Amino acid sequence: QVQLVESGGGLVQAGGSLRLSCAASGRTFSRYPMGWFRQAPGKEREFVAAISWNSGITYYAASMKGRFTIARDNAKNTVYLQMNSLKPEDTAAYYCAARPRGSNWQDGYDYWGQGTQVTVSS
């Protein structure tokens, strides 16, 4: 299995920025596409972004494109989510995930982290 641990969440004011990190275990990290998801209380899990093993392909949800950036450093076994121009509606628990099972990288991941809370005040 793959162990994933998120960090970097916190409380920020609207318009601020946060950088989330997800540390993965093992040499196999570099072989997997990775994704970020979020879930607000009472709402369904929402796709945020995904990235290929070599960083050559990225996907973003429309509401995040232009504000959020996904990146990875395979030498450090870490994937990042840079979050800029944060809005109150971005408030959610953010999760990283590894190894999508199908061709659609927006769901179907085999491994998940525990999540990190992001709260944006108005």
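Structural data are supplied above this passage.
Residues numbered from 1 in each chain as written. Predicted model: local features only at pLDDT ≥ 70, side-chain atom pairs only at ≥ 80, totals over all residues. Heavy atoms only, no water.

**A look at the state of the cysteines**
At step 1: Counting across every chain of the model gives one disulfide.
At step 2: Residue pairing for Cys-22: its cysteine sulfur links by disulfide to Cys-96, the two sulfurs lying 1.9 Å apart. Measuring handedness by torsion sign, the sulfur bridge of Cys-22 and Cys-96 sits at about 50° and is right-handed. On the criterion of sequence distance, the pair formed by Cys-22 in strand 3 (residues 18-24) and Cys-96 in strand 9 (residues 92-100) is long-range, its members being 74 residues apart.
At step 3: According to the relative accessible area criterion, Cys-22 is buried, its value standing at 0%.
At step 4: Judged by its relative accessible area of 0%, Cys-96 falls in the buried class. (Disulfide = S-S within 2.5 Å. Helix = DSSP H or I, 4+ residues; strand = E, 2+ residues; numbered from the N terminus. Buried < 20%, exposed > 50% of the residue type's maximum accessible area, 1.4 Å probe, protein only.)

**Brief notes about the nonpolar core**
At step 1: Of all hydrophobic cores here, the largest spans 35 residues; its most connected members are Leu-4, Trp-36, Val-48, Phe-68, Leu-81, Met-83 and Tyr-94.
At step 2: Contributing elements (two or more residues each) for this core: strand 3, strand 4 (34-39), strand 5 (46-51), strand 7 (68-73), strand 8 (78-83), strand 9, strand 10 (109-112) and strand 11 (116-121).
At step 3: With near-sequence residues (within four places) excluded, Met-83 lies in contact with Gly-16, Ser-17, Leu-18, Leu-20, Arg-67, Phe-68, Tyr-94 and Val-118. (Core = buried A, V, L, I, M, F, W, Y, C linked by side-chain atoms within 4.5 Å. Contact = heavy atoms within 4.5 Å.)

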